[in-house]
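# Chains, contacts and geometry: an overview
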Amino acid sequence: MADTNFYKSDLRELEFALFEQARVQDLLGKAPYAHLTEEDARMVMKEAHTFATEVIGPTMSGTDAEGCTLTPAGVKVPAALKPLWKQYFENGWHAVTLPESRGGMGAPHLLGVAVLELMSGANTAFHMYPGLTQGAANLIAAMGSPEQRERYLTRLENGQWSGTMVLTEPHAGSDVGLSTTKAVKNGDGSYAITGNKIFISGGDHDLAENVIHLALARIEGAPKGTRGLSLFIIPKIRVKDDGSLGAPNDVTCTNIEHKMGIHASATCALAFGEKGQCQGWPLGGEPRADEEPGAGMQKMFVFMNGARISVGTQSLGVASTAYLNALEYARTRLQGAHFKSGRGDKGAVPIIMHPDVRRMLIDMKAQVEGCRALLLHAVMLEDRALQADGPAAEALHEDFSLFIPLVKAHLSDVALHVTSTALQVYGGAGYTRDFPAEQYYRDARIFPIYEGTNGIQALDLVGRKLSQSGGALIQRLLKSIGEAQARVKATSGYEREAQALGQALAALQKVLGQYMAFFASGRMDQILVSATRFLELLSRAVCAWLLLEGALIAEAALKGISADNRDRDFYLGKIGSARYYARNLLPPLTGLADVIAAGDDSALTLPDSAFSLGF
Ligand SMILES: Cc1cc2nc3c(=O)[nH]c(=O)nc-3n(C[C@H](O)[C@H](O)[C@H](O)COP(=O)(O)OP(=O)(O)OC[C@H]3O[C@@H](n4cnc5c(N)ncnc54)[C@H](O)[C@@H]3O)c2cc1C
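Residues numbered from 1 in each chain as written. Predicted model: local features only at pLDDT ≥ 70, side-chain atom pairs only at ≥ 80, totals over all residues. Heavy atoms only, no water.

## Some words on the side chain of Asp206
Rules: Labels follow the DSSP assignment, with helices taken as runs of H or I lasting at least four residues and strands as runs of E lasting at least two, numbered in each case from the N terminus. The buried label applies to any residue whose accessible area, calculated with a 1.4 Å probe on protein chains only, is under 20% of its type's maximum; exposed applies above 50%, and partly exposed to all values in between. Whenever a nitrogen or oxygen atom comes within 3.5 Å of another N or O atom, the pair is scored as a polar contact, on the condition that within protein one atom can donate a hydrogen and the other can accept it, and that pairs from neighbouring residues in sequence are kept only if both atoms are in side chains.
The residue Asp206 is located in the loop between strand 5 (191-201) and strand 6 (210-219) in this model. Under the relative-accessibility criterion, Asp206 is labelled buried at 19%. Polar contacts involving the side chain of Asp206 include one to the main-chain amide nitrogen of Val77, which spans 3.0 Å. Within the structure, the side chain of Asp206 is placed 3.2 Å from the side chain of Lys82, a separation counted as a polar contact.

Right, here's the structure in full:
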């Protein structure tokens, strides 16, 4: 249903997560956030909520229905996105975490992701354009040469130009090392680029006057694989020395994908150098002779790590509005008598009164809030690292890096689960376009796929992060969960929850011990085949830990408020989410750990042909 504003968010819950649990205010007032106060942060949240709800929200359904079109003049995005893009930048929403020195607000990442949840939840397809533009700007700011920063940053940061992240080729998806896009030295500092990329979000559009591609290509003679890739700045239109636009740079959009969801986001196939006239400039200037092989990929990881957090955040934004819409529907849809009513009483009740619907609602509520707590905890580590020095800062950076695959994979998996459950709450109506549930479900389906599939995230977790610094990252995390478990155990009335968290911790320890045994006996395939399950196990334990911490905060807050205070129900809701999560979503983890530790090899030993299709 075009032009209906379906966007819903819960500012009270966001404020709880940000100010009562993550306590963003503790970061403020000291460098690098010395210029900000709690009042500033609260004001930003209120304004972001208004902008997302009143300005972005109304564009979601109509721009999805209209979609993007490839014309001889390039890609046209849905009309409503143009004024929105302009307003978004004029209001400074791209600049919440941008340092003051670059004209931004210089706010902590905690505030940045809370704002991002609102913006990308309101129209997730739209938000990909400014999101990737900000990512490209951050990468140029971090890794570009002074001349490149001067040339590109201001225009990327005021929305005059936009940015992309260009890795994927038809034969090189998860395995980026198979890329064949080529770069040949021109002798004037530029390289001649030739190659075909696919699935490039915002690869072409008419929102901004130029598109700055940050693309991987292999310099002639460089080694095969990821270690031979370099990162280039390739503008769609060349930029003259004075910053004005020059000739087109031989980058052509040859196709846009017709996708299941995020229709308003142009997913482009791009041909670089079809006429032999595409120029790219190495990010950071001419690669030094002593530059590490694979420096291109290392640089791209600056972009990708930010994008992984953004995908987790957009997943949360969409899951949250899907839940809140379903909740509202469940309160108004009358169907079926209450199970306690007598035989003669046929009066239909709101479906929220049926136990199975309540199960769906509390499951969505608890999972959304658990994901929000996980995300905010992760980025708080990054913020705290910026306020620490030496080894303490290093440890916080490492701890944050352990969370990146969890944020990307767990939040996107939950988004899929929640949007599907939300649709179920609507019954048949959810399957129609009269309600937003079907769009949320379609849009969410990409989240576990792009920015490194969730399978690849799980491999990053077990293959890299678990063993990093001799296993110190995971041990620090388990210690934090263990300490929280002791606090929960010491709280009267939380015995069941403490026991469940203790068992989840034991399940994690069991798997880690078994992983050591698999590793020692050369059974790496057992680690790889169970990586996704381990990521799920760890993520759920973290969500439960943080939800229970939130419940203890809510218990304390309840002691100080009167029976008629509206916050009472809110805090009861926080406690309800935590209890539900601990009692319902933790116990299965013990079984999951048993399955992993048992080392079943059915999936591994079955001959390829026995998977069938052969008959
Ligand atoms: C809408 C959309 C937008 C996108 N935007 C961008 C963009 O802006 N820039 C960009 O560069 N790319 C973009 N992509 C590409 C996206 O990042 C890739 O689709 C994704 O990385 C997976 O690559 P693939 O599709 O080739 O799948 P494949 O790599 O072929 O993977 C297929 C399956 O095999 C699994 N798999 C592959 N290798 C392994 C392995 N070693 N171990 C275990 N499992 C494995 C995967 O997990 C997956 O389940 C976008 C894609 C879409 C659909």
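On we go.
## Remarks on the state of the cysteines
The condition is simple: We call a pair of cysteine sulfur atoms a disulfide whenever their separation is within 2.5 Å.
This structure, assessed with the given rule, holds 0 disulfides. The thiol sulfur of Cys68 is not disulfide-bonded, and the nearest other cysteine sulfur, from Cys268, lies at 7.7 Å. Judged by its relative accessible area of 16%, Cys68 falls in the buried class. Here Cys371 is not disulfide-linked; the sulfur of Cys543 is the nearest cysteine sulfur, at 4.9 Å.

## Examining the site of the ligand
Put simply, the rule is: By convention in these notes, a residue is near a molecule or strand provided one of its non-hydrogen atoms lies within 4 Å of it. Areas reported as accessible are Shrake-Rupley estimates using a 1.4 Å probe. Residue values count occlusion only from the protein chains shown.
Close contacts around the ligand come from 19 residues, with Met165, Thr168, Ser174, Phe199 and Thr453 the closest. Separating an oxygen atom of the ligand from a side-chain N or O atom of Ser174 is a distance of 2.6 Å. In isolation the ligand offers 970 Å² of accessible surface; the protein chains occlude 61% of this area. Put simply, the parts of the chain that give the shell around the ligand at least two residues each are strand 3 (161-166), strand 5 and helix 12 (454-465).

## Considering the nonpolar core
The criterion, for reference: Here, the term nonpolar core denotes a set of buried Ala, Val, Leu, Ile, Met, Phe, Trp, Tyr and Cys residues that are joined through side-chain atoms within 4.5 Å. The contact criterion used throughout is that any non-hydrogen atoms of two residues lie within 4.5 Å.
In this structure, Met45 and Phe534 are the most contacted members of the largest nonpolar core, which totals 175 residues. For this core, the element with the most residues is helix 15 (residues 524-559), which contributes 19 residues. Leave out the neighbours within four places in its chain, and Phe534 touches Leu461, Val462, Leu466, Leu508, Val511, Leu512, Tyr515 and Ile596. Core analysis: the second largest hydrophobic core is formed by 26 residues, Leu153, Leu156, Met297 and Phe303 among them.

## Re the layout of surface pockets
In plain terms, the rule: Cavities and pockets are found on a 1 Å grid laid over the protein atoms alone: a cavity is a set of points where a 1.4 Å probe fits but cannot escape, a pocket is an open set with protein on both sides within 12 Å along at least five of seven lines, and a lining residue has an atom within 4 Å of such a point. Grid points are joined across faces, edges and corners, and a volume is the space filled by probe spheres set on the points. By the convention adopted, Pro, Cys, Tyr, Trp, Phe, Met, Ile, Leu, Val and Ala count as nonpolar, Lys, Arg, Asp and Glu as charged, and the other residues, Gly among them, as polar.
Of the volumes computed, that of the second largest pocket is approximately 820 Å³. What lines the second largest pocket is a set of 26 residues, and nearest its centre among them are Asp10, Tyr323, Leu327, Arg331 and Lys365. At the level of secondary structure, the elements contributing two or more residues to the lining of the second largest pocket comprise helix 1 (11-21), helix 8 (295-332), helix 9 (355-386) and helix 16 (567-585). When residues of the lining of the second largest pocket are assigned to their parent elements, the largest contribution, 7 residues, is made by helix 9. Considering only residue class, the lining of the second largest pocket consists of 9 nonpolar, 4 polar and 13 charged.

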